[in-house]
Amino acid sequence: MSVAIISHPQCMEHDMGQQHPEQPARLSVINDQIISSGLSFVCPQYHSEKVTLEQLHCAHLHSYVNDIYKNAPTHGVLNIDADTQMMPATLSAAQYAAGAGVMAVDLLMQKKHRAAFCPVRPPGHHAEKDKAMGFCFFNNVAIAAKYAIKHYGLERVAIIDFDVHHGNGTQSIVQGDKQIRLFSSFQHPFYPYSGDGPSADNVHNLPLAADISSEQYRQAVSQWFPLIDDFSPELILISAGFDGHIADSMSSHALIDADYHWITQQLVALADQHCGGKIISMLEGGYAINALGRTVVAHLRALLKS
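The following refers to the structure shown. Every chain begins its residue count from 1, and numbering advances along the sequence as written. Local features in this predicted model are restricted to residues whose pLDDT is 70 or higher, and side-chain atom pairs enter the listing and the counts only when it is 80 or higher, whereas totals over whole chains, interfaces and linings include all residues. The basis for every side-chain value is the complete set of heavy atoms in the structure, and neither hydrogens nor water enter the calculation.

A look at the overall build of the protein chain
1) Next: Helix and strand content of the protein chain: 10 helices and 10 strands.
2) Next: A compact globule built from 306 residues would reach a C-alpha radius of gyration of about 19 Å, and the protein chain, at 17 Å, matches this within 12%.
3) Next: With the C-alpha coordinates of the protein chain rotated into their principal frame, the extents come out at 50 × 45 × 40 Å.
4) Next: Relative to its full complement of 306 residues, the protein chain shows a buried share of 59%.
5) Next: Whether two residues are in contact is decided by their heavy atoms, any of which lying within 4.5 Å being enough. For the protein chain, restricting intrachain contacts to residue pairs at least 6 apart in sequence, the fraction spanning at least 24 positions comes to 75%.
6) Next: The averaged location of the 29 negative side-chain charges in the protein chain is 7 Å from the averaged location of its 19 positive side-chain charges. Starting at the N terminus, helices and strands are each numbered in turn, a helix being any DSSP run of H or I of at least four residues and a strand any DSSP run of E of at least two. The globule rule used for comparison is 2.2 Å times the number of residues to the exponent 0.38, while the radius of gyration itself is calculated over C-alpha atoms. Each residue is placed in one exposure class: buried if its accessible area under a 1.4 Å probe, protein chains only, is under 20% of its type's maximum, exposed if it is over 50%, and partly exposed if it falls in between. Under the convention used here, Asp and Glu are negative, Lys and Arg are positive, and both His and the chain ends fall outside the count. For the purpose of locating charges, the reference atoms are NZ of Lys, CZ of Arg, CG of Asp and CD of Glu.

Written out as structure tokens, the structure is:
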């Protein structure tokens, strides 16, 4: 079965300004590279549907969701924090971004596709159960995980977050949940300055030195694979952040396209072994416009086993 690509044009409309790193051009370069690589011919593409309130409430407090909906501006800009702003198009973009993960779960669980990649924005892994931060409003990957458990009765879902920033939001939502295992690697110390302390048994944080090499990175994250194997997940979700790339000024890591291809290959092999290949990747970070599209193609080729 093929790999689906799920997004929505509305995800391009959320715009925090030309100088902001989390900009619409991120999706433009990804789409351009998917087309020029020829992968658009082999990956069926879908427009996502909006996430529902019920689905949001699986991961976020009712009061928080209500505040986001109530305070969403109809004009002008609402400053959530120094890095995170809402404008009239933001709520809709966030609804479609979160809805992409839900649609991906449906497509895989109904055996219409083996895997899915969701190039969506705004990203989600910094959004906590009751707080927007770090460019994020709804936690796309946590919503997908909770939906899969609630709607399809899954008992074991693994989330692997290889963004260069700690997935603090995802941790806030899933910690203590025995049906979910979270694996998050990140540069430390670095925004959001979390993840290096004690955590729940189902959370496996991996703080990494800023100047880590490709070889050291691969050796470090390899310690996850036996743990994922022992967990025997029924679904694997990826928070795919590409901001550890050597071309990305957001971090001090020096990873290359091949590193993202490699880690995706390892996760695909685990998905093949334990859950019939079911693996969903959702875009998180990655701000080097000159490299992002190419790196995503390397990731997508690994999802395709090519």
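Brief notes about the packing of aromatic side chains
1) Next: Pairing of aromatic rings covers Phe, Tyr and Trp, the last counted by its six-membered ring, and requires centre-to-centre distances within 6.5 Å; plane angles under 30 degrees mean stacked, over 60 mean edge-to-face, and any other angle means tilted. Following the criterion strictly, the structure yields 7 aromatic pairs and no others.
2) Next: Arranged with centres 5.2 Å apart and planes meeting at 65 degrees, the rings of Phe 242 and Tyr 260 form a pair that is edge-to-face. Residue Phe 242 is located in the loop between strand 9 (235-240) and helix 9 (257-274), and its partner Tyr 260 is located in helix 9; the two are separated by 18 residues in the primary sequence.
3) Next: For Tyr 260, a relative accessible area of 1% puts it in the buried group.
4) Next: Feature note: the residues Phe 162, Phe 242 and Tyr 260 constitute an aromatic cluster, connected by ring pairs.

Remarks on the pattern of salt bridges
1) Next: By definition, a salt bridge exists where a carboxyl oxygen of Asp or Glu is found within 4 Å of a side-chain nitrogen of Lys or Arg. Counted according to the given criterion, the structure contains 8 salt bridges.
2) Next: Across the pair Arg 26 and Glu 22 runs a salt bridge, and its minimum N-O distance is 2.8 Å. Considered together, Arg 26 and Glu 22 belong to a single accessibility category, that of buried residues.
3) Next: Arg 294 serves as the salt-bridge partner of Asp 257, at 2.5 Å between the closest nitrogen and oxygen.

Considering helix 1 (residues 25-36)
1) Next: Here helix 1 contains 12 residues, and its C-alpha end-to-end distance of 16 Å stays within 8% of the 16 Å for a straight helix at 1.5 Å per residue.
2) Next: Buried within helix 1 we find Arg 26, Leu 27, Val 29, Ile 30 and Ile 34. One face of helix 1 carries all of its buried residues, which in axial projection span an arc of 165 degrees. In helix 1, the exposed residues that point more than 90 degrees away from the buried face are Asp 32, Ile 35 and Ser 36.
3) Next: Buried residues in helix 1 make contact with strand 1 (3-7), strand 5 (115-118), strand 10 (279-283) and helix 10 (289-303).
4) Next: Where helix 1 ends, the next residue or the one after it, Gly 38, has phi of about 85 degrees, a positive value. By definition here, a helix of n residues has an expected span of 1.5 Å times n minus one. For this quantity, the arc is that covered by the directions from the helix axis to the C-beta atoms.

Section: the packing of helix 1 against helix 10
1) Next: Closest axis-to-axis distance for the helix 1/helix 10 pair is 8 Å, and the angle between their directions is 50 degrees. The orientation of helix 1 with respect to helix 10, classified from their angle, is oblique. Both helix 1 and helix 10 take part in a crossing whose hand is right-handed. Residue-level inspection shows Ala 25, Arg 26, Val 29, Ile 30, Gln 33 and Ile 34 of helix 1 in contact with helix 10, the latter providing Ile 289, Leu 292, Gly 293, Arg 294, Val 296, Val 297 and Leu 300.
2) Next: Residues belonging to the contact of helix 1 with helix 10 are distributed by class as follows: 9 nonpolar, 2 polar and 2 charged. With axes taken as lines fitted to C-alpha atoms, and helix axes fitted only over the stretch in contact, angles between N-to-C directions fall between 0 and 180 degrees. The labels follow the angle: roughly parallel below 35 degrees, roughly antiparallel above 145, roughly perpendicular from 65 to 115, and oblique for the rest. Handedness of a helix crossing follows the sense of rotation of the near helix relative to the far helix, less than a right angle counterclockwise being left-handed and clockwise being right-handed. When residues are grouped by polarity, Ala, Val, Leu, Ile, Met, Phe, Trp, Tyr, Cys and Pro land in nonpolar, Asp, Glu, Lys and Arg in charged, and all others, Gly among them, in polar.

Regarding the sheet that holds strand 7 (residues 180-187)
1) Next: Ordered by their spatial adjacency, 8 strands build an open sheet running 2-1-5-10-9-6-7-8, and the pairing between neighbours is parallel. Both edges of this open sheet fall to strand 2 (45-47) and strand 8 (203-208), since each of them pairs with a single strand only. Here the average twist between neighbouring strands, direction ignored, is 15 degrees.
2) Next: Seen against the sheet, helix 10 touches strand 1, strand 5, strand 9 and strand 10 and runs at an angle of roughly 165 degrees to strand 5. DSSP calls a pair of strands paired once it identifies at least 2 bridges connecting them.

Some remarks on unusual backbone geometry
1) Next: The omega torsion of the bond from Arg 121 to Pro 122 falls at 5 degrees, within 30 degrees of zero and hence cis.
2) Next: Cis geometry marks the peptide bond from Tyr 191 to Pro 192, where omega comes out at 5 degrees.
3) Next: Relative to the elements of secondary structure, Pro 192 occurs in the loop between strand 7 and strand 8.
4) Next: Even without being a glycine, Lys 305 presents a positive backbone phi close to 65 degrees.
5) Next: As for its position among the elements, Lys 305 is in the segment after helix 10.

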